[in-house]
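Here is how the chains run, residue by residue.
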Amino acid sequence: MATVKKDALFGIIDQGIISLSNLGIGFLLIKLTSKESYGLYGIGFAAILLFVGIANALVTTQMTIFAPEKLDKLKYCSTMLAGQYIIFFPLWCVFVTLSLSAYYVELISNEILTYTLTVSITVMTAIFHEFMRRFFISH
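What you see is a predicted model; the values in this text were computed from it and never measured. (Residues numbered from 1 in each chain as written. Predicted model: local features only at pLDDT ≥ 70, side-chain atom pairs only at ≥ 80, totals over all residues. Heavy atoms only, no water.)

Undergrad: Break down the pattern of salt bridges for me, citing the residues and quoting the values.
TA: Scanning the model with the defined rule gives two salt bridges in all. R133 is paired through a salt bridge with D14; the nearest N and O atoms lie 2.8 Å apart. Of this pair, R133 sits in helix α4 (residues 110-138) while D14 is found in helix α1 (residues 2-32), placing the two residues 119 residues apart along the sequence. You can call R133 buried: its relative accessible area is 17%. E130 is paired through a salt bridge with R133; the nearest N and O atoms lie 3.5 Å apart. One end of the pair, E130, and the other, R133, are both in helix α4, three residues apart, so they sit about a helical turn from each other. Per residue, the accessibility class of E130 equals that of R133, and both read buried. (Salt bridge = Lys/Arg side-chain N within 4 Å of Asp/Glu carboxyl O. Helix = DSSP H or I, 4+ residues; strand = E, 2+ residues; numbered from the N terminus. Buried < 20%, exposed > 50% of the residue type's maximum accessible area, 1.4 Å probe, protein only.)

Written out as structure tokens, the structure is:
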């Protein structure tokens with residue numbers, strides 16, 4: 001029972017840090033940036049949440065449900081992680097290629113290219129973070 005309480009506490013602390021960080025960043029951006037920049041932040045944040053939600057629906061929630069009944073949990077979770085990136089890495093490559101192509105044919109500015117690449121890298125990092133959170137919860 002102590003392990004469950006400890007795991008729950010770590011989950012609450014992890015989520016609290018993420019939520020407080022997001023809130024703090026939002027307040028800083030409201031104070032320090034233009035409306036356009038804050039709008040880009042809002043769009044990027046929504047895109048990150050969308051992809052994290054999709055990854056949760058396709059991979060991490062399934063893993064949390066089915067891992068306890070698997071004999072080799074580590075192998076199962078490793079397969080789920082590979083599956084996550086089999087889904088998302090090709091999409092990421094296409095997005096990055098389209099962003100770079102749009103930049104080179106001068107459809108988007110250097111600032112927008114930097115923004116799109118930052119959001120895309122953040123998506124890949126965020127879905128990994130969510131995966132690892134669920135992995136540690138299920139073990």
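Undergrad: So, the nonpolar core: which residues are in play, and what are the values?
TA: Membership of the largest hydrophobic core is limited to nine residues, which are I48, V52, A55, F88, V119, V123, M124, A126 and I127. Residue assignment for this core shows that the elements contributing at least two residues are α2 (35-66) and α4. A total of five residues in this core trace back to one element, the largest contributor, which is α4. Beyond its immediate sequence surroundings of up to four residues, V52 is in contact with A126, I127 and E130. V59, A67, Y76 and C77 belong to the second largest nonpolar core, which has eight residues in total. (Core = buried A, V, L, I, M, F, W, Y, C linked by side-chain atoms within 4.5 Å. Contact = heavy atoms within 4.5 Å.)

Undergrad: I'd like a description of the environment of H139, backed by residues and values.
TA: Structurally, H139 can be placed in the segment after α4. In this structure the C-alpha to C-alpha distance between H139 and V105, which are 34 residues apart in sequence, comes to 49 Å. Setting aside residues up to four positions removed in sequence, H139 forms contacts with K73, L74 and C77.

Undergrad: Describe the packing of aromatic side chains, and please don't skip the residues or the numbers.
TA: Geometry of an aromatic ring pair is reported as the spacing of the ring centres plus the angle between the planes. Applying the stated criterion across every chain yields a total of six aromatic pairs. Here the aromatic cluster, defined as three or more aromatic residues joined through ring pairs, consists of Y38, Y41 and F45. (Phe/Tyr/Trp six-rings, centres within 6.5 Å; stacked < 30°, edge-to-face > 60°.)

Undergrad: Lay out the packing of α2 against helix α3 (residues 73-104) with the relevant residues and their values.
TA: For the pair α2 and α3, the least separation of the axes is 10 Å and the interaxial angle reads 160°. Taken together, the axes of α2 and α3 lie roughly antiparallel to each other. Where α2 crosses over α3, the two elements pack in a sense that is right-handed. In this structure, α2 uses F51, I54, A55, L58, V59, T60, Q62, M63 and F66 to contact α3, whose residues at the interface are Y76, C77, M80, Q84, I87 and F88. (Axes fitted to C-alpha atoms, helices over the stretch in contact; angles between N-to-C directions. Parallel < 35°, antiparallel > 145°, perpendicular 65-115°, else oblique. Left-handed = near helix turned anticlockwise from the far one by under 90°.)

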